[in-house]
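Architecture and fold: a report
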Amino acid sequence: MEVKIQQPVEQQVSDTILAEPTKKEKIKKIKKTIISQKYLQTMALLGVVWMFIFNYIPMYGLIIAFKEYSIIKTISEAPWVGLMQFKEFIQDENFWIVLKNTLGISLIKLLIGFPLPIIFALLLNELTSMKLKKAVQTISYLPHFISWVVLGGILTTWLADIGVINDILLGLGLISERTNFLAEPDNFWAIVILSDIWKELGWSAIIYLAAIAGVSPELYESSTIDGANRFQKMWHVTLPSIRPTITILFILAVSGVLNSNFDQILILRNSLNESASNVIDIYVYQMGLQNARYSYATAVGLLKAIIAFILLLSANKITKKLNGTSLF
């Protein structure tokens, strides 16, 4: 006769709780979640489809960087040439010129242009007059909404030898004769960096202002009780509280250090400042669209993307090690 041993009630309940759901139960749970979030899932699906069509399918064209492609052949018919296009770029006489200009402009933009929006947001947060704060914000945002085509035309007029900048500098006695600033290669980097900061300073500060708005008021109250002044609150409360935001944006900025704002430089460059304005993006444009060297231009662009990816991983690893904040 078979004897069945009954488990205690507590043990049966415990076994039921600890038992992992079966595969069928998991699928049922996922289906239930999808149905309950059908509208959100539909919107997300449209984004995924858009990204797949416009971001992933075009990646197939990257293989022409390893081929000798011409417009009279299909990609599959073009012969493989391995890394020939990459070697040609590194041995090109323009390699060091475009690399120097790209890194020079981008690194100075990073060193000056990255901390300025943080400082601007901190100072803006200290304004007590709401009218003045809104006025400063509006004035600082406005240049962002002007395209580089329009802004470049304005700057070209202002910086010409008969422009308003010459009038001001002559009036202040800082120069003795009129100068066409965009015709001088030595001035080009400064013009590009300052005009970029002027255009994007207010807009870049928005995300820091949003982060500052999320700082707990209790931290400010505690620091007030401890006798901290406004600068000490800014330094010891506000700045540490927005450190994760600063870190994430810094990682993204480092990964884009080889991007030198193609629109801006294309508008402001001319044949006289070519030695200072020939950056990687302009070089790719010249080789690909003007000289119809599609494989060569793709190889240069792909090399730039690989370096940017390495910079992203490096910056992410360093910041994760230093303060525990990272993208992934």
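For every chain, the first residue of its written sequence is number 1, and the numbers climb from 1 along that sequence. Where totals are concerned, whole chains, interfaces and linings use all residues; where local detail is concerned, this predicted model gives features only for residues with pLDDT of at least 70, and gives and counts side-chain atom pairs only at 80 or more. Calculation of side-chain values draws on the structure's entire complement of heavy atoms; hydrogens and water are dropped beforehand.

**Focus: the overall build of the protein chain**
In plain terms, the rule: Helix and strand definitions follow DSSP, with helices as H or I runs of at least four residues and strands as E runs of at least two, each counted in order from the N terminus. Computation of the radius of gyration draws on C-alpha atoms, with the globule rule given as 2.2 Å multiplied by the number of residues to the power 0.38. Only protein chains enter the accessibility calculation, which uses a 1.4 Å probe; a residue whose area is less than 20% of its type maximum is buried, one above 50% is exposed, and one in between is partly exposed. To be clear on the numbers: accessible area is Shrake-Rupley with a 1.4 Å probe, and residue cover counts the displayed protein chains and nothing else. Positive charges come from Lys and Arg, negative ones from Asp and Glu, while His and the chain ends are left out of the count. Each charge is placed at NZ for Lys, CZ for Arg, CG for Asp and CD for Glu.
When helices and strands are counted, the protein chain shows 17 helices and zero strands. Taken against the 2.2 N^0.38 rule, which gives 20 Å for 328 residues, the C-alpha radius of gyration of the protein chain at 28 Å runs more than 25% over that of a compact globule. Considering only C-alpha atoms, the protein chain reaches an extent of 115 × 75 × 40 Å along its principal axes. Counting all 328 residues of the protein chain, 31% fall into the buried class. As displayed, the protein chain offers around 21600 Å² of accessible surface, 67% of which is attributable to carbon and sulfur atoms. Side chains of the protein chain give 28 positive and 24 negative charges; the mean places of these two sets differ by 10 Å.

**Digging into the packing of aromatic side chains**
To keep things clear, this is the line we draw: In this scheme Phe, Tyr and Trp rings, the latter by its six-membered ring, pair at centre separations within 6.5 Å, and the angle between planes marks the pair as stacked below 30 degrees, edge-to-face above 60, and tilted otherwise.
Taken as a whole and judged by the stated rule, the model has 14 aromatic pairs. Measuring from ring centre to ring centre gives 5.0 Å for Phe89 and Phe95, while their planes differ by 80°; the resulting arrangement is edge-to-face. Across this residue pair, the class does not change: Phe89 and Phe95 are buried. Seen in terms of ring centroids, Tyr141 and Trp203 are 6.5 Å apart; in terms of plane orientation they differ by 80°. Their pairing is edge-to-face.

**Observations concerning the UniProt feature "domain: ABC transmembrane type-1" (unreviewed entry) in the protein chain**
Put simply, the test is: UniProt positions are given in the numbering used here, feature names are shortened, and annotations may be inferred rather than shown by experiment.
Those residues carrying the UniProt feature "domain: ABC transmembrane type-1" (unreviewed entry) are residues 99-315 in this numbering. Each end of residues 99-315 is marked by a C-alpha atom, and these two atoms are 20 Å apart; helix forms 76% of the span and strand 0%.

**Some words on the UniProt feature "transmembrane region" (unreviewed entry) in the protein chain**
Mapped onto the present numbering, the UniProt feature "transmembrane region" (unreviewed entry) falls at residues 39-57, 103-124, 145-165, 201-220, 241-262 and 294-313. Helix makes up 62% of residues 145-165 and strand 0%, and the two end C-alpha atoms of the span are 23 Å apart. Across residues 294-313, helical content stands at 100% and strand content at 0%; the span's end C-alpha atoms are separated by 29 Å.

**Quick look at the pattern of salt bridges**
One side chain can pair with another of opposite charge once the charged atoms of both are near each other. The line we're drawing: The rule for a salt bridge is simple: a side-chain nitrogen of Lys or Arg has to be within 4 Å of a carboxyl oxygen of Asp or Glu.
Within the structure shown, the criterion is met by six salt bridges. Here Lys199 makes a salt bridge to Glu200, at a shortest N to O gap of 3.2 Å. Given the relative accessible area of 5%, Lys199 is considered buried.

**Regarding the environment of Ile212**
Test applied: Here, two residues are considered to be in contact whenever any of their heavy atoms come within 4.5 Å of each other.
Structurally, Ile212 is set in helix α10 (residues 185-213). Given a relative accessible area of 5%, Ile212 falls into the buried group. Residues within four places of Ile212 in sequence aside, it is in contact with Ala121, Leu122, Asn125, Thr238 and Ile242.

**Describing the side chain of Thr298**
Formally: Residues adjacent in sequence count toward polar contacts only when both atoms are side-chain atoms; beyond that, a polar contact is any pair of N or O atoms within 3.5 Å, and within protein one must be able to donate a hydrogen and the other to accept it.
Its location among the elements puts Thr298 in helix α17 (residues 294-323). Given the relative accessible area of 18%, Thr298 is considered buried. Only 2.6 Å separates the side chain of Thr298 from the backbone oxygen of Tyr294, close enough to count as a polar contact. If sequence neighbours within four positions are ignored, Thr298 has contacts with Gly61, Leu62, Ile64 and Ala65.

**Thoughts on unusual backbone geometry**
Of note, the phi angle at Ala292 is positive, near 55°, even though the residue is not glycine. Its location among the elements puts Ala292 in the loop between α16 (280-290) and α17.

**Here's the deal with the packing of helix α7 (residues 130-141) against α10**
To keep it simple, the criterion reads: Axis definition: a line fitted to C-alpha atoms, over the contacting stretch in the case of helices. Angles run 0 to 180 degrees between N-to-C directions. Roughly parallel means an angle under 35 degrees; roughly antiparallel means over 145; roughly perpendicular covers 65 to 115; every other angle is labelled oblique.
Running from amino to carboxyl end, α7 crosses α10 at an angle of 130°, the nearest separation of the two axes being 8 Å. In terms of orientation, α7 and α10 fall into the oblique class. Between α7 and α10, the residues in contact are Gln137, Ser140 and Tyr141 and Gly202, Trp203, Ile206 and Leu209, respectively.

**Details of the nonpolar core**
This is how the line gets drawn: In this description, a nonpolar core means a group of buried Ala, Val, Leu, Ile, Met, Phe, Trp, Tyr and Cys residues linked to one another through side-chain atoms lying within 4.5 Å.
Counting 20 residues, the largest nonpolar core has Phe114, Ile118, Ala121, Leu122, Tyr208, Ile242 and Ile246 as the members making the most contacts within it. Those elements that provide at least two residues to this core are α6 (115-125), α10, α13 (243-255) and α17. Those residues in contact with Tyr208, other than ones at most four positions away along the chain, are Phe114, Pro117, Ile118, Ala121, Thr245, Ile246 and Leu249.

**Side note on the domain arrangement of the protein chain**
Operational definition: Just so you know, the domain bounds were taken from an automatic or database domain assignment. Using a 1.4 Å probe, buried area is obtained as the accessible area two parts lose upon being combined, added over both of them. The classification used treats Ala, Val, Leu, Ile, Met, Phe, Trp, Tyr, Cys and Pro as nonpolar, Asp, Glu, Lys and Arg as charged, and all other residues, Gly among them, as polar.
Each domain of the protein chain was delimited in the assignment, giving domain 1 (22-66) and domain 2 (83-323). Here the C-alpha centre of domain 2 lies 34 Å away from the C-alpha centre of domain 1. At the junction of the two partners, domain 1 supplies five residues and domain 2 supplies eight residues. Across the domain 1 to domain 2 interface the summed buried area is about 500 Å²; carbon plus sulfur atoms make up 79%. Three residues, Ile64, Ala65 and Phe66, lead the burial of domain 1 against domain 2; their summed loss comes to 81% of the area buried on that side. Inspection of the region where domain 1 meets domain 2 yields zero salt bridges. In this assembly, domain 1 and domain 2 are joined by one residue pair in polar contact (both at pLDDT 80 or more). Taken together, the residues of the side of domain 1 that touches domain 2 sort by class into four nonpolar, one polar and no charged.

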